[in-house]
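Listed below, chain by chain, are the residues.
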Amino acid sequence: MPTRPIRLLLADVDGTLVTSDKALTDRAVQAAHKLHDAGVLFAVTSGRPPRGMNMIIEPLALATELAAFNGGLIVNPDMTVVEQQVIPAEVVAPVVALMESYGLGVWIYRGADWYVRDMKGPHVDRESWTVQFAPTLVPGFDGLEQGAAKIVGVSDDHQVVETAAVAARAQFGEHVSAARSQPYYLDVTHPQANKGSVVKHWSAKLQISPAQIATIGDMPNDTLGGQLGKNLVRRLFPQHLYPRRPYWSDPTDGATGCPEAGKWSEEVLGRKT
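Computed from a predicted structure; not experimentally measured. (Residues numbered from 1 in each chain as written. Predicted model: local features only at pLDDT ≥ 70, side-chain atom pairs only at ≥ 80, totals over all residues. Heavy atoms only, no water.)

> Hey, could you run me through the pattern of salt bridges in this one?
Pairing is possible between side chains that carry opposite charge, provided their charged atoms lie close to one another. This structure, assessed with the given rule, holds 7 salt bridges. Taking the shortest distance from any N to any O, the salt bridge between Asp14 and Lys22 comes out at 2.9 Å. The closest approach of N and O atoms between Lys205 and Glu65, which form a salt bridge, is 3.1 Å. Pair noted here: Lys205 is in helix α6 (residues 195-206) and Glu65 is in the loop between α2 (54-57) and β3 (66-68), with a separation of 140 residues, a long-range link. Taking the relative accessible area as the measure of exposure, Lys205 reaches 47% and is therefore partly exposed. Owing to a relative accessible area of 8%, Glu65 belongs among the buried residues under this scheme. A cluster of three or more residues bridged by salt bridges with shared partners is formed by Asp14, Lys22 and Arg48. (Salt bridge = Lys/Arg side-chain N within 4 Å of Asp/Glu carboxyl O. Helix = DSSP H or I, 4+ residues; strand = E, 2+ residues; numbered from the N terminus. Buried < 20%, exposed > 50% of the residue type's maximum accessible area, 1.4 Å probe, protein only.)

Set out below in structure tokens:
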């Protein structure tokens, strides 16, 4: 059966479009513009808040909606809200308690605001620098249960973060989505706020098959829908040269892989027709 042409590339931001130093590379910008010029839509999804993606809109010439909080909040490039899915209010306090029981620092995102209880907590300074705005310091999270888009557990003990993620999925089940967006972050969002749902959003909006949407990212939760296969990825990015290969998914064969900026645009365009 012939493959369908790729209509949209959906990209993660951190670790994919930007480097570990949070720099948007020239190669990423050039690759995005190649797709634009070829008529392939380019969109982004991220665990970041909407304002945390402002700085990539102009250089990437983004005209598509941005999916913040892993799809919990979808906004236009001018930051007007398209749709929003928030965590059920009754599970916010229990999620915070579970994270604390594993020794994680806790943040809450609500609307355009980011709340922390410790300005010197792990990764607060780095996150402020990354998203280019500061959090709001609060003594506690009481009163913030309504409208919470994302709760983040933070620790530099990556195994503890993974253990907490497993525990959150076991305790809260279908009431939330719990996944690591980085080795040191556990993101808890609405159960439909995940990157797989962002693929479904674009599939419905564009009236195309999910198989015509390529997805790229640096964590397993970035690979929910898309195209390109395992063999291609292994050929382009052998394990001994790329020990931590970012993920590329293909619903036709369950593939994961590692398209870096200069190559993923070429591979998408190679599958465009």
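> I keep staring at unusual backbone geometry and nothing clicks. Help me out?
For residues other than glycine, phi is negative in most cases, and the peptide bonds are mostly trans. The phi dihedral of Phe69 falls on the positive side, at around 50°, and the residue is not glycine. A positive phi angle, near 75°, is found at Met79, a position not held by glycine. Relative to the assigned elements, Met79 resides in the loop between β4 (73-75) and β5 (81-84). Judged by relative accessible area, Met79 falls into the partly exposed class, the value being 23%.

Purely spatial values, then, with no claim about function.
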